[in-house]
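Working through the structure, step by step
Residue-level listing of the chains:
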Amino acid sequence: MIPFLDLKKLNKPYQDNFKSYFSRFLDSGWFVLGEEVENFENEYAAYCGTTHCIGTANGLDALRIIFEGYKILGKIKAGDHVLVASNTYIATILAIKQAGLIPILVEASLETFNFDLEDLKRKITSQTKVILPTHLYGLLADMDRVSDFAKANQLLIVSDCAQSHGARDKHGNRSGSLAHAAAHSFYPTKNLGALGDGGAVTTSDEQLAKIISQYRNYGFRKRYVAQYAGVNSRLDELQAGFLRIKLKDLDALNQKRKAIAMRYFSEIDNEHIILSKYNEKEDHVFHLFVVRCKHRDLLQEYLSKRKITTIIHYPVPPHKQEALSELNGLSFPVCEQIHDEVLSISTDPNLTQAEVSTIINALKEFTC
Ligand SMILES: Cc1ncc(COP(=O)(O)O)c(C=O)c1O
C-alpha cells in the first residue's frame, strides 16, 4: 500500500539528532519554557520574516490566543464578527467561537479552495472586525486583495497558516508574515511537524506578542503574578528542540512536495478528474494535493484497490457539523460541492518516482 504520509520514514533521517537532543534535554533538567523554546521562537520568526514568534501548545490555541490578545488590547470585543471561508477546517471556527467571537462564513471558490472574494466583500458589515484567511492545502489566499479590503474597512487580518509553512507570496514574503498575526500548527503531519502537538503565533506587533507570551502562561507578568486571566498553552521544550532540527529542512521538503505536484499537474489527464488551478507566481507548499471528482467515493475506493491511500479533506463542512448547530441552517453550495468532490492525493516528500508514477497511472486509468 502507498501510504498517504509515512511519518516513520519522514522522521527517520533525524533519528540520531533527535536522540542526542533528547539526552541533552534530559540532562538539562529544564522541561518547560526554556532555552529551546526561545531559540525556536527566534529561528521561526526569522524564517517567517516577523519580529516575534510565540510557541503555543497547538494550532487551535494559537488562533484563539491571538483573539484573546486583541481583546486585551481593546482592538476587538466579544460578539465581533470574523469573516472566514466556509470550507476551512473546523478548528478555525472553534477558535473564533472559543474567543467569544462570531464566525461569519464566506462562500468558497472552486478554483482556490479559499474564500470567494466577491462574497467576502458582500459580507463586510459594521460588526466585522477581522478577516481570517486559511491558507488551505498550502495555497496562499490572495493576500494583496485581502489586505486592500482590510485596509479600506479598518479590519484586522488574522491568518491560519496551519497548512502553509514556508509558502511565499509573489513578493517573496512568507505566509506567517502576511497578516497582523498568524497561527501555525506543528501537528506531526504538517509540513513542519513535531513529534506531538505544537503551535505558534507569528506577528510583528510587539504589544500583541508581549500579551500573547504572557497569556499562554496563565497571563503571568512574572512568576506567579498574573496580569491577565490566561491559559496554559505552552510549546513543550522537547517539541521545540525537535522542531529546530526539522526547520532546517523545511524548504527542501517543500520543494520535494512541489516537484511531486508538478508531475501530477503535467501528467494526470482524465476528464473525470479536475486538478486545481495553480498560479506559477504564487508559492504553494502542497501540504495537500487536492483533486475534484463527481464520483469521488468511487475514485477513492478504486485507488484503495490499487493500493493507493487517499484522504478526504474534509467530508463535512463546518456549517453541517452537529457541533456547530447555530450554523446548520446556512447554505453554501460551492463549499458543499467541494466537500462532496475533493480527494487528497499524497505529496509525501519521500514518495519514490515509481510510486508517483503508480499514482499518476492509476488516476489516468480511472473510469466511471
Ligand atoms: C487549517 C487548520 N487550522 C487549524 C488547525 C489546528 O491545529 P492543531 O491541530 O495543532 O490544533 C489545523 C490542524 O489540524 C488546520 O489544518
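About the thresholds
- Throughout this document, residue positions are counted from 1 along each chain, in the order its sequence is written.
- For this predicted model, a pLDDT threshold of at least 70 governs which residues receive local features, and a threshold of 80 or more governs which side-chain atom pairs are given and counted, while totals over whole chains, interfaces and linings are taken from all residues.
- Computation of side-chain values: all heavy atoms of the structure, hydrogens and water removed.
- Proximity is defined per residue: if any heavy atom of the residue lies within 4 Å of a molecule or strand, that residue is considered near it.
- Pairs of N or O atoms are called polar contacts if they sit within 3.5 Å, as long as, within protein, a hydrogen donor faces a hydrogen acceptor (for residues adjacent in sequence, only side-chain-to-side-chain pairs).
- Numbered from the N terminus, helices here are DSSP runs of H or I no shorter than four residues, and strands are runs of E no shorter than two.
- The classification used treats Ala, Val, Leu, Ile, Met, Phe, Trp, Tyr, Cys and Pro as nonpolar, Asp, Glu, Lys and Arg as charged, and all other residues, Gly among them, as polar.
- At least two bridges found by DSSP between two strands are what make those strands a pair.
- Here a residue-residue contact requires only that any non-hydrogen atoms of the pair lie within 4.5 Å.
- Here a helix's expected span is defined as the number of its residues, less one, multiplied by 1.5 Å.
- The buried label applies to any residue whose accessible area, calculated with a 1.4 Å probe on protein chains only, is under 20% of its type's maximum; exposed applies above 50%, and partly exposed to all values in between.
- In this context, the arc is that of the directions from the helix axis out to the C-beta atoms.
- Note on method: axes are straight lines fitted to C-alpha atoms, helices fitted across the in-contact stretch only, with angles between N-to-C directions ranging 0 to 180 degrees.
- Marked domain ranges trace back to an automatic or database domain assignment.
- Two parts lose some accessible area (1.4 Å probe) when they are put together, and adding that loss for both gives the buried area.
- We count a salt bridge whenever a side-chain nitrogen from Lys or Arg sits within 4 Å of a carboxyl oxygen from Asp or Glu.

Around the ligand sit 13 residues in total, of which Gly59, Asp160, Gln163, Ser185 and Lys190 are the nearest. Between Ser185 and the ligand, the recorded distance is 2.7 Å, taken from a side-chain N or O atom to an oxygen atom. Elements represented by at least two residues in the shell around the ligand include exactly α4 (59-72) and α5 (90-98). The residue makeup of the shell around the ligand, split by class, is five nonpolar, six polar and two charged.

Neighbouring strands of a sheet are bound in pairs by backbone hydrogen bonds; such pairs are parallel or else antiparallel. In space, the three strands of this open sheet follow the order β10-β11-β12, with antiparallel pairing throughout. Each having just a single partner strand, β10 (274-275) and β12 (342-345) make up the two edges of the open sheet. Note that β10 and strand β11 (residues 289-292) share two bridges and pair antiparallel. Bridging across to β11, Leu275 finds its partner in Val291.

Once that is clear, we can look at the environment of Ile274. Mapping Ile274 onto the fold places it in strand β10. When the C-alpha atoms of Ile274 and Glu36 are compared, they prove to be 44 Å apart, with 238 residues separating the residues in sequence. What Ile274 contacts, discounting residues up to four positions off in sequence, is Val291 and Arg292.

Moving on to helix α2 (residues 15-28). Given a rise of 1.5 Å per residue, 14 residues ought to cover 20 Å, and the 20 Å separating the end C-alpha atoms of α2 matches this to within 8%. Listed as buried for α2 are Phe18, Tyr21 and Phe25. The buried side chains of α2 occupy one side of the element, clustering within an arc of 70 degrees when seen end-on. The exposed residues of α2 that point more than 90 degrees off its buried face are Asp16, Lys19, Arg24 and Asp27. Packed against the buried residues of α2 are α1 (7-11), α3 (35-48) and α9 (237-247).

This part takes up the side chain of Asn217. With respect to the helices and strands, Asn217 occurs in the loop between α8 (206-215) and β8 (220-222). Apart from residues lying up to four places away in sequence, Asn217 is in contact with Leu33, Val231 and Arg234.

The next subject is the sheet that holds strand β7 (residues 199-203). Judged by pairing direction, the sheet is mixed, and its seven strands sit side by side in the order β1-β7-β6-β5-β4-β2-β3 without closing on themselves. Strands with a single pairing partner mark the edges of an open sheet, and in this sheet they are β1 (52-56) and β3 (102-106). Averaged over neighbouring strand pairs, the angle between their axes works out to 25 degrees when direction is ignored. Of the pairings in the sheet, the one linking strand β4 (residues 128-132) to strand β5 (residues 156-160) comprises two bridges and is parallel in character. Its bridge partner being in β5, Ile131 is matched across the sheet by Ile157. Across the sheet, α4 is in contact with β1, β2 (81-85), β4, β5, β6 (181-185) and β7; its angle to β6 comes to roughly 160 degrees. With respect to the sheet, α5 is in contact with β2, β3, β4 and β5, its orientation differing from that of β3 by roughly 145 degrees.

Looking now at α5. Within α5 the residues assigned to the buried category are Ala91, Thr92, Ile93, Ala95 and Ile96. On its buried face, α5 is in contact with α4, β2, β3, β4 and β5. Gly100 lies just past α5 and shows a positive phi near 80 degrees.

Below, the discussion takes up the domain arrangement of the protein. Split into domains, the protein comes out as domain 1 (7-106 + 113-247) and domain 2 (250-365). Computed over C-alpha atoms, the centres of domain 1 and domain 2 are 24 Å apart. Between domain 1 and domain 2, the contact holds 36 residues from the first and 33 residues from the second. Between domain 1 and domain 2 the total buried area reaches about 3000 Å² when both faces are included, carbon and sulfur atoms providing 61% of it. When the buried surface of domain 1 facing domain 2 is broken down by residue, Phe113, Tyr137 and Asn191 rank first, second and third, together holding 25% of it. Counting across the interface, domain 1 meets domain 2 through two salt bridges.

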